[in-house]
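Reading the structure
Here's the letter readout for the chains.
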Amino acid sequence: KFIASYVQCAKKKDEEHPDVTSDDYLAWKETHQEDCTKNTEVSSNAMEKTGAVEISKRSVQRKKMRYMKFIGDGDSKSFNAVKDTYEGMTVTKSDCICIGHIQKGMGSKLREWKKKELF
């Protein structure tokens, strides 16, 4: 399952039906609800946490299983959201080094040094 807070149809709706009280808009909305992929109102920053919590809870419901370890990229705020998901058990955290984060960090340092004219 994916989490989507913005979809193209919202932009199209705004362009085609700016008046949300019009009959055209209400007819569009009624038929559109079935096909719309928007399923959350949370911000994009909160989606990672929301998804991690949903996955954790769903594992118990569907598979009768609990995750014991959370493997994250080191800067994930999702761990704090899922560590106490299960009653009577705390999920532990295991960070792994992500090459993308290393590249980003090195690039930031190089730009900083260049600004200071260190090389």
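Residues numbered from 1 in each chain as written. Predicted model: local features only at pLDDT ≥ 70, side-chain atom pairs only at ≥ 80, totals over all residues. Heavy atoms only, no water.

Points about the pairing of strand β1 (residues 69–72)
Residues of β1 alternate between two faces, with F70 and G72 buried on one and K69 and I71 left unburied on the opposite face. The pairing of β1 with strand β2 (residues 92–95) spans 4 bridges and is parallel. Among the inter-strand pairings, K69 is bridged to a residue of β2, identified as T92. (Buried < 20%, exposed > 50% of the residue type's maximum accessible area, 1.4 Å probe, protein only. Helix = DSSP H or I, 4+ residues; strand = E, 2+ residues; numbered from the N terminus. Pairing = 2+ DSSP bridges.)

Digging into the nonpolar core
Counting 8 residues, the largest nonpolar core is built from A52, V53, F70, F79, V82, Y86, M89 and V91. When contributions to this core are tallied by element, the ones reaching two or more residues are α3 (44–63) and α4 (78–82). Excluding residues that lie within four positions of it along the chain, A52 makes contacts with S78 and V82. (Core = buried A, V, L, I, M, F, W, Y, C linked by side-chain atoms within 4.5 Å. Contact = heavy atoms within 4.5 Å.)

Observations concerning the confidence of the model for the protein chain
The predicted coordinates should not be examined in detail at positions where pLDDT is low. Overall, the predicted model of the protein chain reaches an average pLDDT of 80, with 80% of residues at or above 70. The secondary structure element of the protein chain with the lowest average pLDDT is helix α1 (residues 8–16), at 67, and the one with the highest is α4, at 88. (pLDDT = per-residue confidence, 0-100.)

Points about the side chain of S78
Position of S78 relative to the elements: it lies in helix α4. Using a relative accessible area of 2% as the deciding quantity, one classes S78 as buried. S78 has contacts with E48, K49, A52 and F70, leaving out every residue within four places of it along the chain.

Brief notes about the environment of S56
Looking at the element boundaries, S56 is found in helix α3. Sequence separation of S56 and K83 is 27 residues, and the distance between their C-alpha atoms is 9.6 Å. Filtering out sequence-adjacent residues up to four positions away, S56 remains in contact with Y67, V82, T85 and Y86. From its side chain, S56 meets the backbone oxygen of A52 in a polar contact 3.0 Å long. (Polar contact = N/O pair within 3.5 Å; in protein donor to acceptor, adjacent residues only side chain to side chain.)

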